[in-house]
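As a plain string of letters, each chain reads:
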Amino acid sequence: MKTFLAFLGVLAAGSAMAQAPGRPSAVIQVGCDRDCLIGFTDRYVDALVRRDPARAPFSPSVRFTENDVEMPLGNDGLWGTINAVREESMAIADEETGNAAWFGIVEEHGNPAYLALRIKVEERRITEVETIVNRRPDMPKPFGDPAELYYDPAFAEVVPAQERRSRERLVAIADGYFSTVELNDGTIFAPFHEDCGRVENGIRTTSGGSGAGSVALGCEEQLRLGIYRINKRIRERRYPIIDEARQVVVATGFFDHANTFDRYTLTDGREMRTVLKWPNSISLIEAFKIKDGKIHRIHAVFTYVPYFMHSPFTRPNLDWQTR
Amino acid sequence: MSRSNGIARGARGTAGQLLATALAALLFASSPAAAQSPSPKRRADCDRACLIEIGDRYMQAMVDKDRSDLPWAERVRFTENDVALMIGDGLWGSITAIDDAPFRLADATTGNLLWIGIVEEHGQPAYGAIRLKIEERRIADVEAVVAREGTPIHFAPPAGYEIDERFGETLPPAERRPRGRLIALAEGYYDTMERNDGRLLGELSADCARISNGVDLTYGENLPAQGCRAQFQIGYYKPVDRVRARRYAIVDEELGVVAAFAMLDHAARDVEYRTLDGQTVGIPIEYPNSHRVMELLKIRDGALERVEGLGVFQPYLMPSLWE
């Protein structure tokens, strides 16, 4: 009898672990397809611009962050200042994880700001809202003319099935981008399309003009020069949204600029100086379009945050742990 | 505060200074307290001179980028601008020089020491305030607040800046107040700011002034009222929605000085407002933000005479880790 009870105990313990670690069920049923998820982003933005959270279906326990600070949803932060949203926007969704991203421009008291957000939908309710709001004036950083903001249609194009890469490979490619810009010394850890282009806070930073574009043109060309040497770490990288059909990955993370040095040398010998002389971090939401297994388009919205700040979605209740 | 020749150049002190530091370190290391087992009473064993000496060693160790000889507690907590870091990161990595005549405030009752002055990062000056908590003659807490150039908050060039000499003046016994009353007056000051209904919750001297990041916020052109008292009486502080996370870790009854740490939240729901006397005033930053403040409050004969310190631009509702 004792042996039989012991057997039952093993069975019970075994059944509790019969799905992947951290997953509540071995079958994830989002019950909300791409259009449905993007519809939730639209409802969120509609509620936001009307400052009326009742207009969107939020879970009672919804978690909300603005620039990595968690706060009650519906009255504080952008919810208390927004007065308009520009019509043009871009949305990306992942039916497998129930996450969706939205990139657009809002106005606070008439002042434009870049907004990127991620929502998570569970049982047809929004359970998580993570937002990055890039405002002006702030610190020295790209802030493009909102009237000229361009969302590349490539992000919406469905890729023929035979040309697609797997979810895992898409994440590896995006992660390789972050590994390349981390400690950027010219070493390339990701495949770049020869036509690769990047937009950051509304500025095309790989095609001339000011900033990085004035140093070199093209994604890989800039990175081979090591112009982003100041990135000590690309931290708390997450890839919550993968659209396999469109070969798009949306990532979140932090770029840490420890600024232990204020000048550095490019691989071609040119000397560069840092703009800011003190430790700082940027927090971002960044979309990658992968074409033929290579990074083709990058669209990012980011803002400065205190050096080494964490995301509450990444490290809940672990503020005192720093690694 | 007297000041000799501005910023000291890190480890390049005079031979005499270095010898004095070395002797002090030797004496400290061989003191009986360092060899004794931990005891709750030991905190009081580190008097004002002891606290200041450890504070000076800490600051010099940062410039030397060598933490190995500092007396660390078994568990050390370190934040810089409200983010937990590892010792060696943040300001430790960017600092190149420190003020040679800082203001230091020690409180043997609580075991806390404040160093406030100018720090340089790659030659760029910033306002720095570093609080250390000493337990068993060892550094247990390090709280660094650094106000740097290049953020949207008010900021005057730090070159030549000195904390007003009145903070260092010892009060005659009749003008002193006990610790509890000094803290109550500091609380009253921030309550008055938060309530902002024209009522003064505590005495303010007729010429009370508030200086933040070297900027006089109470006297000058384009201000709707002159002085702390008049500004409070017209409700000038309406943009401050909350004064949160207040702490008064360091009090000096003889000097009549309280070191206050707090967070000021600005929801920015309105970009202009009417004062109680009918003036229309615009807010300086038209989107939600918080300010980490570290301020010295000089209280003479029961009245607040002067507020002087730092303000750091932070994401709206940024948490404080010290509560």
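Note that the structure is predicted; figures quoted are calculated from it, not measured.

Right, let's get into the interface of chain A and chain B. Each side of the interface is counted separately: chain A has 33 residues, and chain B has 33 residues. Split into classes, the residues belonging to the side of chain A that touches chain B amount to 15 nonpolar, 9 polar and 9 charged.

Taken together, the 5 bridges between strand 2 (residues 72-80) of chain B and strand 8 (residues 138-147) of chain B define a ladder with parallel strand orientation. The residue of strand 8 of chain B that forms the bridge with Phe78(B) is Val142(B).

This part covers the domain arrangement of chain B. Residue and element names in this part refer to chain B. Each assigned domain of chain B is listed with its residue range as follows: domain 1 (2-147) and domain 2 (165-314). Contact with domain 1, which involves 14 residues of that partner, is made by 17 residues of domain 2. The set of elements that each furnish at least two residues to the side of domain 1 that touches domain 2 consists of strand 5 (103-107), strand 6 (112-121), strand 7 (124-135) and strand 8. Tallied by class, the residues present in the side of domain 1 that touches domain 2 amount to 8 nonpolar, 3 polar and 3 charged.

Attention shifts here to the nonpolar core. Membership of the largest hydrophobic core comes to 150 residues, with the highest contact counts inside it found for Ile92(A), Ala100(A), Ala101(A), Val249(A), Ile295(A), Val258(B) and Leu297(B). Top element by residues in this core is strand 12 (residues 257-266) of chain B. It accounts for 8 residues. Of the domains in this structure, domain 1 (2-147) and domain 2 (165-314) of chain B are the two that each give at least three residues to this core. Once residues within four sequence positions are removed from consideration, Ile295(A) is found in contact with Ile173(A), Tyr177(A), Ala190(A), Pro191(A), Phe192(A), His193(A), Cys196(A), Cys219(A), Phe288(A) and Ile290(A).

Below, the discussion takes up the environment of Thr65(A). Mapped onto the fold, Thr65(A) is located in strand 1 (residues 58-66). When the 23 C-beta atoms within 10 Å are taken as the criterion, Thr65(A) is described as buried.

Let's shift gears to the sheet that holds strand 15 (residues 289-300) of chain B. Residues and elements named next belong to chain B. One open sheet accounts for 6 strands, arranged 10-9-16-15-12-11; its pairing is mixed. Edge positions in the sheet fall to strand 10 (215-216) and strand 11 (242-252), since each has one partner strand and no second. Both strand 12 and strand 15 contribute to a ladder of 10 bridges, which runs antiparallel. Its bridge partner being in strand 15, His 266 is matched across the sheet by Asn 289. Relative to the sheet, helix 5 (residues 179-195) contacts strand 11, strand 12, strand 15 and strand 16 (303-314), its axis offset from that of strand 11 by approximately 155°.

The rules behind each value
Residues numbered from 1 in each chain as written. Chains lettered and ligands numbered in written order. Predicted model: local features only at pLDDT ≥ 70, side-chain atom pairs only at ≥ 80, totals over all residues. Contact = placed C-beta atoms within 7 Å. Nonpolar A, V, L, I, M, F, W, Y, C, P; charged D, E, K, R; others polar. Pairing = 2+ DSSP bridges. Helix = DSSP H or I, 4+ residues; strand = E, 2+ residues; numbered from the N terminus. Domains from an automatic or database assignment. Core = buried A, V, L, I, M, F, W, Y, C linked by C-beta atoms within 7 Å. Buried ≥ 20, exposed ≤ 12 C-beta atoms within 10 Å, placed from the backbone. Axes fitted to C-alpha atoms, helices over the stretch in contact; angles between N-to-C directions.

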